[in-house]
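Summary of structural features
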Amino acid sequence: MVVVAAALIVASSLAPGVSFGTGAGTEAAVAGQSVSDEVAVSSRPGRAGDAGRISAGNRFTCAIRADRTIACWGDGYQDAVSPPAGRFLSLDAGDVHACAIRTNGSVACWGWGGNGRANPPAGSFESVSAGGDHTCAIRSDESIACWGDDYLGQATEPAGSFKSVSAGGNHTCAIRTDDSIVCWGAGYDGQANLTGSFKSVSAGGNRTCAIRSNGSIRCWRKGFDGEMTPKAGRYRLLSAGGHSCAIRTNGSVACWGDDEYGGANPPGGHFRSVAVGGRHTCAIRSDDSIACWGDDYNGQANPPVGTYRSVSTGNGHICGVQTDKSIVCWGDDYYGQASPPPGRFRSVSAGGDHTCAIRKDRSIACWGDVSEGRRNLPSGKFKAVSAGGDHICALRTNKSIACWGNDSYGQASPPPGRFRSVSAGGGHTCALRADNSIACWGYDLFGQATAPAGRFTSVSSARGQSCAIRRGGARDGEIACWGTNFSGWCDDECNEPPGDPIGPPAGRFKQVSAGLGHACAIRRAGTVACWGDDEYGGEATPPAGRFESVSAASSGYDDGFACGVVTSRRVWCWGALARQPLSAHRLHH
């Protein structure tokens, strides 16, 4: 099923779905830790039981929600964690691509499509298996179809009737309807055909394991690290990748092989299915929760948990106000910017290397980098706060603005007047006046502090650019952007660099968030649209679903990510932050 990392051994044509409230990369799951309260799955009868509900790729993981939509998290290379919209029955994740069976029986693939691996044929299918550079699937008539790289014959499928198929690195194995096994493709590592009767087979990068009809496991390859010596017992599901794991008939998980990253060190408990990745493993418990363990460098062992009122992205860290009004932060904590104080809060804003929040009593609390005077908090009561690159601005309850921190360009010297909101960018600040016009001040080399005329409902400032949503008239709900045009994300009001920039999407929007090189906005229907730079792995490629708010990182130097709160109060993040190591990705309360 996977190149370096095989996923589930048998893809179900009617697999149950995993119910996620949020997306990838929002909270790290330490080795063996379950996140049961937030990733419940609903059971549906299916031909292959629980297989196909969750699948671990090389450095990412995907699962099917209870509503049959797909959620992915981990390394976003080539959009591997950006599944298509729609309802699905089963899925399988490969090296850098994944495929799934839609409810109408057709196959959809996403991620890296080199060699044609993500270009499925038409027709109706029962299951699909994504390998390294190729993909195979079982048609409704029980024949096999393969596509993609066929250099070693791994995509040259045999004739006959089959029950399941598993695509590995450069080889493929399948179980015929008479329970025999056949393999094809590269055979130099010992992926040889076996005699006997088998229940399932899992092809890894260059190894294969299969469950015999009596429940015992047989693996073959020129073994090393003990990975070809499965633990004794009787099993019902297995997954082979950089290591191998299987579910015993009593529901416990046993793993063997390379355990350098802890992927072969499962937690206790009872499980319904298991999916092995390159260096990590994820499994669905009997209570339908998800547990992941092993390498989390790309967030692949990091299913999301928690319910939130709001979320804010900073420079490599994220903070959110939970439904109990406490603050949780994760990501870079070098300056303590991801270590919030205790208490109850109304809102939070993550900046460069610092974070600020409005307490329940409307006072301000800030933590993180104390340089540039960012700890010189003003007294009084406030309605909102915005943490920029090196300065902070806040809206008082009397609707005046107070700013502090770095003021080298005048970005912390607000004009007098009454305002509805304020947004601190890198070296400039913009605010929405009481009459719904916009005022900006500070660094203006690229025009980022020269606001357009008109009436607006909101404004968002990043480092070198700003965006706002128009109010009233024929352009009501449209987005206007101004300032520098990094990666062509701004509209025709941008002035640097010259060229033919790609403007924001057409339509009516209710919230916008400007980032460095990309921006995201929520349509009035609740879906998210992003545009601009996508080089960090999907920061401009939002997931499907309905969102209440969105935040595009805007104030640091590694801002290729964004986060949003979905209508179920969960947080979904996409882009570069999903590639943070576990040690830098832990939660802070």
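Structure report, in brief.

Further remarks concern the packing of aromatic side chains. Scanning the model with the defined rule gives five aromatic pairs in all. Over the aromatic face of Trp-112 sits the side chain of Arg-117, whose NZ or CZ is 4.4 Å from the ring centroid.

One pass over the full model with this rule turns up five salt bridges. The residue Glu-478 makes a salt bridge to Arg-475 at a minimum N-O spacing of 2.9 Å. Judged by its relative accessible area of 23%, Glu-478 is partly exposed. Here Arg-524 makes a salt bridge to Asp-476, at a shortest N to O gap of 2.6 Å. Here the residue Arg-524 occupies a position in the loop between strand 41 (518–523) and strand 42 (528–532), and Asp-476 occupies one in the loop between strand 38 (465–470) and strand 39 (479–483), the gap between them amounting to 48 residues. When its relative accessible area of 44% is taken as the criterion, Arg-524 is described as partly exposed. Taken together, the shared-partner salt bridges in this structure form one network comprising Arg-475, Glu-478 and Arg-508.

Time to look at a positive patch on the surface. Among the surface-exposed residues, Arg-309, Arg-344, Arg-346, Lys-360 and Lys-381 lie close enough to one another that they form a single positively charged patch. Along the chain, Lys-360 falls in the loop between strand 29 (354–359) and strand 30 (364–368).

This brings us to the sheet that holds strand 45 (residues 571–575). Picture the strands of a sheet paired through backbone hydrogen bonds; they go either parallel or antiparallel. Ordered in space as 43-44-45, the three strands form an open sheet in which the pairing is antiparallel. Two strands lie at the open edges of the sheet, namely strand 43 (547–552) and strand 45, each paired on one side alone. Across this sheet, the average inter-strand angle for adjacent strands is 20°, counted without regard to direction. Note that strand 44 (residues 561–566) and strand 45 share five bridges and pair antiparallel. Note on strand 45: the bridge partner recorded for Cys-563 is Cys-573.

You will see that Asp-179, though not glycine, has its phi angle at about 75°, which is positive. Note that Asp-179 resides in the loop between strand 14 (171–176) and strand 15 (181–185). Its relative accessible area of 22% is what places Asp-179 among the partly exposed residues.

Looking now at the state of the cysteines. Enumeration according to the criterion identifies 13 disulfides in this entry. Disulfide pairing places Cys-319 opposite Cys-329 at an S-S distance of 2.1 Å. Linking Cys-319 and Cys-329, the disulfide has an S-S dihedral of approximately 110° and is accordingly described as right-handed. Of this pair, Cys-319 sits in strand 26 (residues 317–322) while Cys-329 sits in strand 27 (residues 327–331), placing them ten residues apart in sequence. In terms of burial, Cys-319 and Cys-329 fall into one category: buried.

Rules and cut-offs
- Residues numbered from 1 in each chain as written.
- Predicted model: local features only at pLDDT ≥ 70, side-chain atom pairs only at ≥ 80, totals over all residues.
- Heavy atoms only, no water.
- Phe/Tyr/Trp six-rings, centres within 6.5 Å; stacked < 30°, edge-to-face > 60°.
- Lys NZ or Arg CZ within 6 Å of the ring centre and 35° of its normal.
- Salt bridge = Lys/Arg side-chain N within 4 Å of Asp/Glu carboxyl O.
- Buried < 20%, exposed > 50% of the residue type's maximum accessible area, 1.4 Å probe, protein only.
- Helix = DSSP H or I, 4+ residues; strand = E, 2+ residues; numbered from the N terminus.
- Patch = residues over 30% accessible without salt bridge, like charges linked within 9 Å, V, L, I, M, F, W, Y side chains within 5 Å.
- Areas by Shrake-Rupley, 256 points an atom, 1.4 Å probe, with all protein chains shown as cover.
- Lys, Arg positive; Asp, Glu negative; His and termini not counted.
- Charge placed at Lys NZ, Arg CZ, Asp CG, Glu CD.
- Pairing = 2+ DSSP bridges.
- Axes fitted to C-alpha atoms, helices over the stretch in contact; angles between N-to-C directions.
- Disulfide = S-S within 2.5 Å.

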